[in-house]
Amino acid sequence: MYSPTRFYFSVFLLLLAFSLIAQDSTNLEKLLPTHEVLGDFKLKQDVEAYDSEDLFFLINGGADLFLEYGFNSMVKADYRNENHNLLVEIYEMNDPPAAFGMYSMMQMRDDKPDSIGDAGQILNDHALFAKGKYLVKINADLPEDQAEALLKRMSDNIASKIVVQRFNPVLSLQLLPVTNYDLPELKYFRGPLGLNNIYPLSSKNIYDFKEGVAGIYQGFKVIVFNCQNSKKALLQFGMIADMVSTTLKYTDFNLTGKEFTALDNLGHRIYTNLYENYVYLIIHSKQMNITPLKKEIRINIDLITM
Amino acid sequence: MYSKINRRNFIKKGSLLGLGSYIGLSLFSKTSMAALFKTHPSVAVVNGSDYFNNTKKAIDLLGGITEFVKKGEKVGLLINSDFTEKGAYVNPDISLAVIEQCVKAGVSEFVCLQNVKDEYWKRSEYSGSLSSELLKVSNVESNTFPAKFNEEDFQVVEKIEGAKLLENVELIKEIDSCDVFINIAIGKHHASTMYTGAIKNMMGICTRKTNVYMHLGSGTKNDPEHLGQCLSDINHFRKPDLVIVDSTYFITSNGPVGPGETKKPDKIVAGTDITAVDAYCSTVLGYVPQDILHIVRANESGLGEIDFSKVEIKEV
């Protein structure tokens, strides 16, 4: 049977198993929708452009997450026709995983796959997609039934102008277990802000990892991040263990060799393991048997590091 | 060092000095006086889906609006209104309930210390029936995101008493002319601080330049210690007379802008202790207040209580 979620997952695996290195710096304004799709929508004012930390002057809250992933520049175009507004924002990130990572954080839970860019969705009054190193967000204040077609046209128009050239390997979402479990909502992160969006482990920056992936499953979460080398991974594991053992949020801390368990304030059990250069966490209910999960994650790490 | 003198502070200080002489004590601070005669809880929580009336109930639990405002006074409102996603901004029913209560108490005028757009009020069904009350509300219009310094509306405060990191802070002048200051925030997820509520809402009185310093000023892209301390610091400039936090419906991920996952606990939380109110609201999101750095730093610097066993909370 056709499973939209499986299709969606496959697309993401394809994307993140191989990093897409997009074309060199494109003039971002050239990616904005052309008049064929804009119809009677006209620019309300000049296109705004922002670089690097100027992003704080565009985004009221949340700019630091873009910087954590690696942000270059963006353009914002505000259109209006007689009755409606259309807002297009195009972000150029440092690389394609950064664009995908931001997408994974900003996307809404939605089973409906939308074939826009490398990964994308159209939901209610907005479209969001990542293609290459670009992240595109479009908002239209139209009724939902009219908005969808317009947003699709705009998205396809912009995506068609982004040319992706070659592939490079990055941390793979194949680390996540899929045997015997419903496919998860996928997240890719590069620092504590991204991680805190998935599971707020600590408000202090105790991290020294390169990148991480997470799967939000029905009833549990798996978070895997890799460190530069085994020494750093051991240090990272120690920092997390120390934090968990001393933070009020956690109780019932139990450390054995390279793994520990604890109970968080919401009643979830948190299992953490150091394996090779990776630290992984499983946040689950007290009753859940996580032995098969642990086994599959370790096999996945072995396969990746072979 | 910067020192704030306005009508309310002047009268308050004068009265306290007089009372202190009369009963033979040198000086009572506002906090110690409140503690001495306290009959109301520090934090009031009202549950239910009628947000407008529940806001009024929460204020009543704190002793009623006349505990906070007097006839003819000018009220400064700091409302987290500048987002478009539901669950990312304060439900306008709550802000309008505060305005209605204040007007009944005889408040002469309001100023929104951060610009509140007309469309925000229109999101509430009460905006029509309270249109005459809204006529009393003005805005510091130039304090619209991303606010830039201008001589007319902003001042540079070299040093805030009690602050550890923040210096040369660009913030609005108008707050000094307000007799009463009411902080109306939403308790929601924030990627940088995990929880944002009333303490972080105080960034709304500053220019964007100052706020960017809070985020990036340590030289590190993500330095939660620096941000947490700066947030505590800015709250030393002026403590709110009343804090109201919308914990009715909010985003629990992808904050502070959203869209994200949401939660609907239907709680209005009000109080006089900004740290206690935020600490309580952070638990509504599922956090432990001691894990939220700006709440911890606010508590350490004397801005309020983080330990619930020391706070009187009344929940209905």
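Criteria and thresholds
Per-chain numbering applies: the sequence of each chain, read as written, is numbered from 1 onward. Going through the entries in the order they are written, you letter the chains from A and number the ligands from 1. Confidence filtering applies because this is a predicted model: local features only for residues at pLDDT of at least 70, side-chain atom pairs given and counted only at 80 or more, and all residues used for totals across whole chains, interfaces and linings. The basis for every side-chain value is the complete set of non-hydrogen atoms in the structure, without hydrogens or water. Here a strand is any run of E in DSSP of at least two residues, a helix any run of H or I of at least four, and the numbering for each starts at the N terminus. Only heavy atoms enter the contact rule, under which two residues are in contact if any of them lie within 4.5 Å. When DSSP locates at least two bridges between a pair of strands, those strands are taken to pair. All axes are obtained by fitting lines to C-alpha atoms, using only the stretch in contact for helices, and the reported angles, taken between N-to-C directions, cover 0 to 180 degrees. Our angle categories are set so that under 35 degrees counts as roughly parallel, over 145 as roughly antiparallel, 65 to 115 as roughly perpendicular, and the remainder as oblique. The handedness criterion is simple: a crossing whose near helix is rotated anticlockwise from the far helix by less than a right angle is left-handed, and one whose near helix is rotated clockwise is right-handed. In this classification, the charged set is Asp, Glu, Lys and Arg, the nonpolar set is Ala, Val, Leu, Ile, Met, Phe, Trp, Tyr, Cys and Pro, and all remaining amino acids, among them Gly, are polar. Under the scheme applied here, a residue whose accessible area is under 20% of the maximum for its type counts as buried, over 50% as exposed, and between as partly exposed, the area being computed with a 1.4 Å probe on protein chains only. Positive charges come from Lys and Arg, negative ones from Asp and Glu, while His and the chain ends are left out of the count. Any carboxyl oxygen of Asp or Glu within 4 Å of a side-chain nitrogen of Lys or Arg constitutes a salt bridge here. The term polar contact refers here to a pair of N or O atoms within 3.5 Å; inside protein, the definition further demands a hydrogen-donor-capable atom paired with an acceptor-capable atom, and it admits residues adjacent in sequence only when both atoms are side-chain atoms. When two components associate, each loses some accessible surface as probed by a 1.4 Å sphere; the sum of these losses over both components is called the buried area. Like-charged residues are merged into a patch within 9 Å and nonpolar side chains (Val, Leu, Ile, Met, Phe, Trp, Tyr) within 5 Å, provided each residue has over 30% relative accessible area and no salt bridge. All accessible-area figures derive from a Shrake-Rupley calculation using a 1.4 Å probe, and residue coverage is judged against the displayed protein chains alone.

Trainee: Can you explain the environment of Lys210 of chain A? Please cite residues and give values.
Mentor: All names here are of chain A. You can see Lys210 is positioned in the loop between helix 6 (192-198) and strand 11 (211-217). As for Lys210 and Phe189, which are separated by 21 residues in sequence, their C-alpha atoms are 9.1 Å apart. Beyond its immediate sequence surroundings of up to four residues, Lys210 is in contact with Arg190, Asn226, Cys227 and Gln228.

Trainee: Requested: an account of the sheet that holds strand 3 (residues 109-112) of chain B, with residues and values cited.
Mentor: Residues and elements named next belong to chain B. If you trace the 8 strands from one edge of the open sheet to the other, you get 4-3-2-7-10-13-1-14, paired in mixed fashion. At either end of the open sheet lies a strand with only one pairing partner, and these are strand 4 (137-139) and strand 14 (313-315). Across this sheet, the average inter-strand angle for adjacent strands is 20°, counted without regard to direction. Where strand 1 (residues 43-47) and strand 14 come together, 3 bridges link them in parallel fashion. Across the sheet, the residue bridging to Ala44 is Lys314, located in strand 14.

Trainee: Describe the packing of helix 3 (residues 51-61) of chain B against helix 4 (residues 92-104) of chain B, naming the residues involved and giving the relevant values.
Mentor: All names here are of chain B. Where helix 3 meets helix 4, the axes come as close as 8 Å, and the angle between the chain directions of the two elements is 50°. Relative to helix 4, the element helix 3 is oriented oblique. In the packing of helix 3 onto helix 4, the handedness of the crossing is right-handed. Contact with helix 3, carried on its side by Tyr51, Phe52, Thr55, Lys56, Ile59 and Asp60, involves Asp93, Ile94, Leu96, Ala97, Val98, Glu100 and Gln101 of helix 4 and no other residues of that element. When the residues that make up the contact of helix 3 with helix 4 are grouped by side-chain class, the tally is 7 nonpolar, 2 polar and 4 charged.

Trainee: Describe the sheet that holds strand 15 (residues 269-275) of chain A, with residues and values.
Mentor: All names here are of chain A. In spatial order, the strands read 10-11-12-16-15-14-13; together these 7 strands make up an open sheet with antiparallel pairing. In the strand order of this sheet, the two ends are held by strand 10 (185-189) and strand 13 (251-256), each with one partner. Going across the sheet, the axis of each strand differs from the next one's by a mean of 10°, ignoring polarity. Here strand 13 runs beside strand 14 (residues 259-263); their pairing, made up of 4 bridges, is antiparallel. Residue pairing across strands places Thr256 opposite Glu259, the latter belonging to strand 14. Those strands touched by helix 7 (residues 230-246) are strand 12 (220-226), strand 13, strand 14, strand 15 and strand 16 (278-284), and its axis lies near 25° from that of strand 14. Across the sheet, helix 8 (residues 291-305) is in contact with strand 12, strand 14, strand 15 and strand 16; its angle to strand 16 comes to roughly 155°.

Trainee: I'd like a description of the packing of helix 10 (residues 274-284) of chain B against helix 11 (residues 293-300) of chain B, backed by residues and values.
Mentor: Residue and element names in this part refer to chain B. Orientation of helix 10 relative to helix 11, taken along the N-to-C sense of each, is 155°, at an axis distance of 10 Å. Taken together, helix 10 and helix 11 sit at an angle that is classed as roughly antiparallel. Crossing angle aside, the handedness with which helix 10 passes helix 11 is left-handed. Seen from helix 10, the contacting residues are Thr275, Asp278, Ala279 and Ser282; seen from helix 11, they are Ile295, Ala298 and Asn299. Class assignment of the residues belonging to the contact of helix 10 with helix 11 gives a composition of 3 nonpolar, 3 polar and 1 charged.

Trainee: I'd like a rundown of the side chain of Lys188 of chain B, residues and numbers included.
Mentor: Residue and element names in this part refer to chain B. With respect to the helices and strands, the residue Lys188 is situated in strand 8 (residues 188-190). One buried charged residue, Lys188, remains without a salt bridge, the closest side chain of opposite sign being Asp246 at 9.8 Å. Here Ala88 takes part through its backbone oxygen, which lies 2.6 Å from a polar atom of the side chain of Lys188. For Lys188, the side chain forms a polar contact with the main-chain oxygen of Pro256, separated by 2.8 Å. Every residue in contact with Lys188, bar those within four places of it in the chain, is listed here: Asn80, Phe83, Gly87, Ala88, Met194, Tyr195, Thr196, Phe250, Ile251, Pro256 and Leu285.

Trainee: Lay out the environment of Tyr207 of chain A in plain terms, naming residues and giving numbers.
Mentor: Residues and elements named next belong to chain A. Here Tyr207 is to be found in the loop between helix 6 and strand 11. The spatial distance from the C-alpha of Tyr207 to the C-alpha of Met239 is 7.8 Å, given a sequence separation of 32 residues. Reaching out from Tyr207, the side chain makes a polar contact with the backbone nitrogen of Ser202 at a distance of 3.5 Å.

Trainee: Now, about the interface of chain A and chain B: what can you tell me, with residues and values included?
Mentor: How big an interface is tends to be stated in terms of the accessible area lost upon association of its parts. Contacts between chain A and chain B engage 30 residues on the former and 32 residues on the latter. Between chain A and chain B, roughly 2,800 Å² of surface is buried when both sides are summed, and carbon and sulfur atoms account for 59% of that area. At the junction of chain A with chain B, the criterion picks out 0 salt bridges. Looking at the side of chain A that touches chain B, the elements with two or more residues in it are helix 3 (63-69), helix 4 (96-106) and helix 6 of chain A.

Trainee: So, a nonpolar patch on the surface: which residues are in play, and what are the values?
Mentor: Residues and elements named next belong to chain A. Taken together, the side chains of Ile299, Leu303 and Met306 define a hydrophobic patch exposed on the protein surface, amounting to about 370 Å² of accessible area. Structurally, Ile299 can be placed in helix 8. For Ile299, a relative accessible area of 43% corresponds to the partly exposed category.

Trainee: For the pairing of strand 11 of chain A, give the residues involved together with the corresponding values.
Mentor: Side-chain positions along a regular strand alternate between the two faces of the sheet. Residue and element names in this part refer to chain A. The buried fraction of strand 11 is high, at 7 of 7 residues. For strand 10 and strand 11, the ladder comprises 5 bridges, and the chain directions are antiparallel. Note that in strand 11 the partner of Tyr188 across the bridge is Val213. Two strands pair when backbone bridges link them, and strand 11 and strand 12 are joined in this way by 7 bridges, in the antiparallel orientation. Paired with Gly212 across the strands is Phe225, a residue of strand 12. Where strand 11 folds back onto strand 12 in an antiparallel hairpin, the turn is made up of 2 residues, including Gly219, whose phi is positive at roughly 95°.

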